[in-house]
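Structural description and commentary
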Amino acid sequence: MIVPKKWKIYSINNIDRIPQLNVLSEEERFNIKTVAKVLPFRANNYVVEELIDWSKIPNDPIFQLTFMQKDMLKKAQFNKMAKAIKDGLGARKLNEVANEIREELNPHPAGQMTANVPFLDDKPVSGIQHKYKETVLVFPTGGQTCHAYCTFCFRWAQFVGNSDLKFVTDESNRFQEYLKQHKEVSDVLFTGGDPMVMSYSKLKAYLEPLLQPEFDHIKNIRIGTKSLAYWPYKYITDKDSDSIIELFEKIMTSGKQLALMGHFSHTVELKTPAVRKAISRLQSIGVKIRTQSPVIKHVNDSAEVWSNMWKEQVNLGLIPYYMFVERNTGAKSYFEVPLYKVFNIYQEAFKKVSGLSRTARGPVMSATPGKVMIDGIIEVMAEKVFVLNFLQGRNPDWVRKPFFARYDEKATWFDDLKPALGETKFFFEDELNEILNKKENMFAKVAV
Ligand SMILES: *Cc1c(COP(=O)(O)O)cnc(C)c1O
Ligand code: SF4
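Let us look at the structure shown here. (Residues numbered from 1 in each chain as written. Chains lettered and ligands numbered in written order. Predicted model: local features only at pLDDT ≥ 70, side-chain atom pairs only at ≥ 80, totals over all residues. Heavy atoms only, no water.)

1. Some details on helix H16 (residues 429–447)
Here is the rule we go by: Starting at the N terminus, helices and strands are each numbered in turn, a helix being any DSSP run of H or I of at least four residues and a strand any DSSP run of E of at least two. To estimate the expected span of a helix, count its residues, drop one, and scale the result by 1.5 Å. The buried label goes to any residue with under 20% of its type's maximum accessible area, the exposed label to any with over 50%, and the partly exposed label to all in between, with areas taken from a 1.4 Å probe on protein chains only. This arc is taken over the directions from the axis of the helix to the C-beta atoms.
In a regular helix each residue adds 1.5 Å, so 19 residues correspond to 27 Å; H16 covers 27 Å between its end C-alpha atoms and thus fits that length. Buried within H16 are the following residues: Leu-432, Lys-439 and Phe-443. Along the axis of H16, the buried residues cluster in a sector spanning 45°; they form a single face. Looking at H16, the residues exposed on the side facing more than 90 degrees away from the buried face are Glu-434, Lys-438, Asn-441 and Lys-445.

Below you can see the structure in the form of structure tokens.
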């Protein structure tokens with residue numbers, strides 16, 4: 001029997017109340033708190049009690065995934081924050097120091113804040129992104145936080161209040177009007193944060209309207225969520241869990257597909273009785289669960305972890321979907337894995353699994369021009385190159401045209417890559433600039 005749990009949040013304010021942390025020295029706890037003044041910290045009682053193996057810290061992957069480590073900041077940054085705390089600065093001053101450090105951590109990567117925002121009647125539509133033709137991302141206002149925070153999260157800036165939340169849906173829900181008019185859109189993907197932090201009634205307000213006939217062109221409703229890994233009780237014992245399952249069932253029987261895009265970073269997250277129950281409950285009503293995660297140093301940077309994770313997922317009826325490359329923001333230098341290594345992890349893991357797990361595509365970088373996959377490392381005309389490929393492009397015509405970048409062992413992100421074989425630019429660059437300029441001009445017009 002699964003004992004219901006009441007969601008208990010641990011933040012920087014009550015971190016000392018986590019009894020398990022007593023195994024750490026005073027200094028180690030100070031280190032966690034110091035980094036947590038800069039990067040957002042949030043854990044919960046499920047993560048602390050059921051996922052982290054406290055006999056294995058600090059190397060335990062889920063401890064690394066949710067608890068700050070001293071080296072997540074550069075020495076100078078850490079020392080600056082530590083000194084501010086030791087000098088007894090007040091809350092406002094501490095926050096100023098934190099903000100100075102945050103600015104050094106590339107808080108808004110990939111400039112996607114404006115480039116992906118679509119227009120309706122010459123005005124931007126808040127709370128959605130439309131980058132790829134078939135799929136619109138929706139950022140519901142109530143879903144911009146998570147049950148726990150990943151230490152590597154690329155949305156960290158938003159969790160420390162350092163981002164203009166013009167990015168979330170507004171009260172008028174203009175995004176629905178946009179969706180009605182855009183018949184090319186077959187998929188709506190709710191994302192965040194984590195939309196599954198929302199209560200049943202909020203969730204329903206977003207999902208149910210899409211069942212009306214004006215939205216017949218929308219065939220797939222996806223929810224990007226870490227809830228299965230961080231709070232599976234959402235689907236089994238929380239007080240609104242039955243209503244949520246009913247709502248999902250209603251969508252499934254309406255003729256649309258509901259798909260959960262489950263963010264799983266490690267096999268550990270698939271093992272507890274609670275997550276297994278949650279998965280089977282969702283599956284019992286026909287919901288498909290696809291899985292994705294970036295490769296993260298200290299958490300899952302090994303082929304062994306990935307092949308085990310995929311096998312476990314297939315065994316549970318989940319569908320491996322994307323292996324991502326970690327983005328260039330936040331504690332990036334702590335978590336980043338060079339592209340050639342990420343590719344090796346993918347290839348080695350791929351080798352070890354049957355075809356049912358080979359639905360996992362990657363390694364993928366969600367970069368400004370599109371979703372770029374590293375397809376291989378080969379030699380062409382005596383030059384070592386990365387073979388790249390778009391899985392999604394701002395222009396759909398770019399998709400699945402292999403192109404080359406110079407091999408570079410230091411490269412950790414798409415922006416580090418240079419064209420190979422004597423080319424001076426990538427084939428899509430001019431067109432990309434055109435698309436981005438056009439969008440910028442549209443924004444410039446409404447700004448006056
Ligand atoms: C990944 C992503 C999608 C979904 O792409 P699929 O390949 O359909 O899963 C949609 N929009 C944006 C901006 C994305 O990054
Ligand atoms: S679950 Fe996703 S959005 Fe939430 S903290 Fe983790 S990576 Fe960030």
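Let's pick the thread back up.
2. A word on the layout of surface pockets
The test is simple: Residues are said to line a cavity or pocket when one of their atoms sits within 4 Å of a point; the points come from a 1 Å grid over protein atoms alone, cavities being sets where a 1.4 Å probe fits but cannot get out and pockets being open sets with protein on both sides within 12 Å along at least five of seven lines. Grid points are joined across faces, edges and corners, and a volume is the space filled by probe spheres set on the points. In the scheme used here, Gly and all other residues not listed as nonpolar or charged are polar, with Ala, Val, Leu, Ile, Met, Phe, Trp, Tyr, Cys and Pro taken as nonpolar and Asp, Glu, Lys and Arg as charged.
Estimated volume of the second largest pocket: approximately 530 Å³. Lining the second largest pocket are 20 residues; nearest its centre among them are His-130, Lys-131, Arg-394, Ile-435 and Lys-439. Per-element tally for the lining of the second largest pocket: the top contributor is H16, with seven residues. Partitioned by chemical class, the residues of the lining of the second largest pocket number nine nonpolar, three polar and eight charged.

3. Overview of the nonpolar core
The condition is simple: The nonpolar core is taken to be a set of buried Ala, Val, Leu, Ile, Met, Phe, Trp, Tyr and Cys residues, with the residues joined through side-chain atoms within 4.5 Å. The criterion used for residue contact is that any of the two residues' heavy atoms lie within 4.5 Å.
Counting 133 residues, the largest nonpolar core has Leu-39, Phe-67, Leu-228, Phe-248, Phe-414 and Leu-417 as the members making the most contacts within it. Top element by residues in this core is helix H15 (residues 339–351). It accounts for seven residues. Not counting chain neighbours up to four residues away, the residues in contact with Leu-39 comprise Met-68, Met-72, Leu-73, Leu-105, Trp-156, Val-160, Gly-330 and Ala-331. Membership of the second largest hydrophobic core comes to eight residues, among which are Ala-259, Tyr-321, Val-364 and Leu-391.

4. Description of helix H1 (residues 26–36)
Each α-helix winds once per 3.6 residues, and so residues spaced three or four apart point in a common direction. Inspection of H1 places Arg-29, Asn-31, Ile-32, Thr-34, Val-35 and Ala-36 among the buried residues, and these make up the whole buried set. At its buried positions, H1 is contacted by helix H3 (61–66) and helix H4 (75–86).

5. As for the side chain of Ser-265
For Ser-265, the position within the fold is in the loop between strand E9 (257–263) and helix H12 (273–284). Those residues in contact with Ser-265 that sit more than four places away from it in its chain are Leu-65, Lys-226, Ser-293, Ile-296, Val-299, Asn-300 and Met-309.

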